[in-house]
Amino acid sequence: MQSDTIMPVKEAPGVTGDLFRNAMSRLGAPVTVVTTSGPAGRQGLTVSAITSVSDSPPTVLVCLNRDNRSHTAFIQNGVVGISLLSRGHEDLAGIFASSRRTPDEKFAASEWRTDVTGAPLLADALVTLDCTIALIHASSTHDVLFCTVEAIHVHPTGETGLTWFNRQFHTLPLLPA
């Protein structure tokens, strides 16, 4: 696993954190549960800052706040399980977003499986991506994890994707291609 760092950038006048968060609430994003397991323990959290990077090799990026209590486990374990959520997973997303719940409480809320890396993957997720961390890029308060996809599972009967827009859950129908 390689690490990379960006120099801090001075904030622009008039661009406050509150204004930025409000603007970003207007950006629709996928709702995922991101997990890890290994020598540093089992951890998970709800993440919407995730996107594909490349299909050769298949790579995604996940942004994690370095102040999040699960951050160290992700870095030390070096593996990431990404579960894309769908309709009916709203409560699970809330559980994994909570800083008041222990990892055991979070994982007790649903059924899990593992694949190549051993990271927990939601059994009924719309899609799961089982990944290893290839590169970590530091940016301000967050680390951007570039993750190589080792295994993919697409749920055969998944019909909706869960998204976050304007601080609310929404579903997107899966239409025939």
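Residues numbered from 1 in each chain as written. Predicted model: local features only at pLDDT ≥ 70, side-chain atom pairs only at ≥ 80, totals over all residues. Heavy atoms only, no water.

Q: How do you make sense of the side chain of H89 when you look at a structure like this?
A: Residue position: H89 is located in the loop between β7 (79–84) and α3 (90–97). Reaching out from H89, the side chain makes a polar contact with the backbone nitrogen of S86 at a distance of 2.9 Å. Excluding anything up to four places from it in sequence, H89 contacts L122, D124, A125 and L162. (Helix = DSSP H or I, 4+ residues; strand = E, 2+ residues; numbered from the N terminus. Polar contact = N/O pair within 3.5 Å; in protein donor to acceptor, adjacent residues only side chain to side chain. Contact = heavy atoms within 4.5 Å.)

Q: Help me understand a nonpolar patch on the surface, please; the structure alone is not making it clear to me.
A: Among the surface-exposed residues, V15, F20, M24 and L27 lie close enough to one another that they form a single nonpolar patch of about 380 Å² accessible area. Looking at the element boundaries, V15 is found in the loop between β1 (2–5) and α1 (17–24). We classify V15 as partly exposed; its relative accessible area is 42%. (Patch = residues over 30% accessible without salt bridge, like charges linked within 9 Å, V, L, I, M, F, W, Y side chains within 5 Å. Areas by Shrake-Rupley, 256 points an atom, 1.4 Å probe, with all protein chains shown as cover. Salt bridge = Lys/Arg side-chain N within 4 Å of Asp/Glu carboxyl O. Buried < 20%, exposed > 50% of the residue type's maximum accessible area, 1.4 Å probe, protein only.)

Q: Can you help me understand the pairing of strand β13 (residues 168–173) in this one?
A: Along a regular strand, successive side chains alternate from one face of the sheet to the other. Looking at chain direction, strand β12 (residues 160–165) and β13 are connected through six bridges and run antiparallel. Counted as the bridge partner of L162 is T171 from β13. In this structure, the hairpin formed by β12 and β13 is closed by a connection of two residues, where N166 is found at a positive phi of approximately 55 degrees. (Pairing = 2+ DSSP bridges.)

Q: I would appreciate a short explanation of the pattern of salt bridges in the present structure.
A: Pairs can form between side chains of opposite charge whenever their charged atoms are close. Overall, the coordinates contain four salt bridges when judged by the stated rule. The salt bridge partner of R42 is D104, with a shortest N-O separation of 3.8 Å. Placement of the pair is R42 in the loop between β3 (32–36) and β4 (43–47) and D104 in helix α4 (residues 103–107), with a sequence separation of 62 residues. With a closest N to O distance of 3.8 Å, D115 and R113 form a salt bridge.

Q: Looking at this structure, I do not really get the nonpolar core. What am I missing?
A: Nonpolar side chains tend to gather and get buried jointly when the protein is soluble and globular. Counting 19 residues, the largest nonpolar core has V62, V80, I82, C131 and C147 as its most contacted members. Those elements that place two or more of their residues in this core are β4, β6 (58–65), β7, β10 (127–139) and β11 (142–154). Of the residues forming this core, the biggest block, five residues, is contributed by β10. If you look at the next biggest cluster of nonpolar residues, it comprises 12 residues, including V33, L85, W112 and A125. (Core = buried A, V, L, I, M, F, W, Y, C linked by side-chain atoms within 4.5 Å.)

Q: Got a minute to help me understand unusual backbone geometry in this structure?
A: Negative phi characterises most residues that are not glycine, and trans characterises most peptide bonds. Geometrically, the link from S56 to P57 is a cis peptide bond, its omega value of -5 degrees lying close to zero. One can find P57 in the loop between β5 (50–55) and β6. If you check the backbone angles, S140 has positive phi at about 55 degrees while not being a glycine. Topologically, S140 is positioned in the loop between β10 and β11. With a phi angle near 55 degrees, N166 is a residue other than glycine that sits in the positive phi range. Looking at the element boundaries, N166 is found in the loop between β12 and β13. Overall, N166 belongs to the partly exposed group, its relative accessible area being 32%.

Q: I tried to follow α3 on my own but got confused; where do I start?
A: Since one α-helical turn is 3.6 residues long, residues separated by three or four positions face the same way. Taken together, the buried positions of α3 are L92, A93, I95 and F96. Buried positions in α3, seen along its axis, are confined to an arc of 160 degrees and lie on one side of it. α3 presents D91 and A97 as exposed residues on the side facing more than 90 degrees away from its buried surface. Where the residues of α3 are buried, they touch β3, β4, α4, β8 (112–113), β9 (121–122) and β13. (Arc of directions from axis to C-beta.)

Q: Got a minute to help me understand the pairing of β4 in this structure?
A: The element β4 is extensively covered by neighbouring structure, given that four of its five residues are classed as buried. Direction of pairing for β3 relative to β4: antiparallel, over a ladder of five bridges. Among the inter-strand pairings, V33 is bridged to a residue of β4, identified as T46. A loop of six residues connects β3 with β4, the two strands running antiparallel in sequence, and G41 in this loop sits at a positive phi of about 100 degrees.

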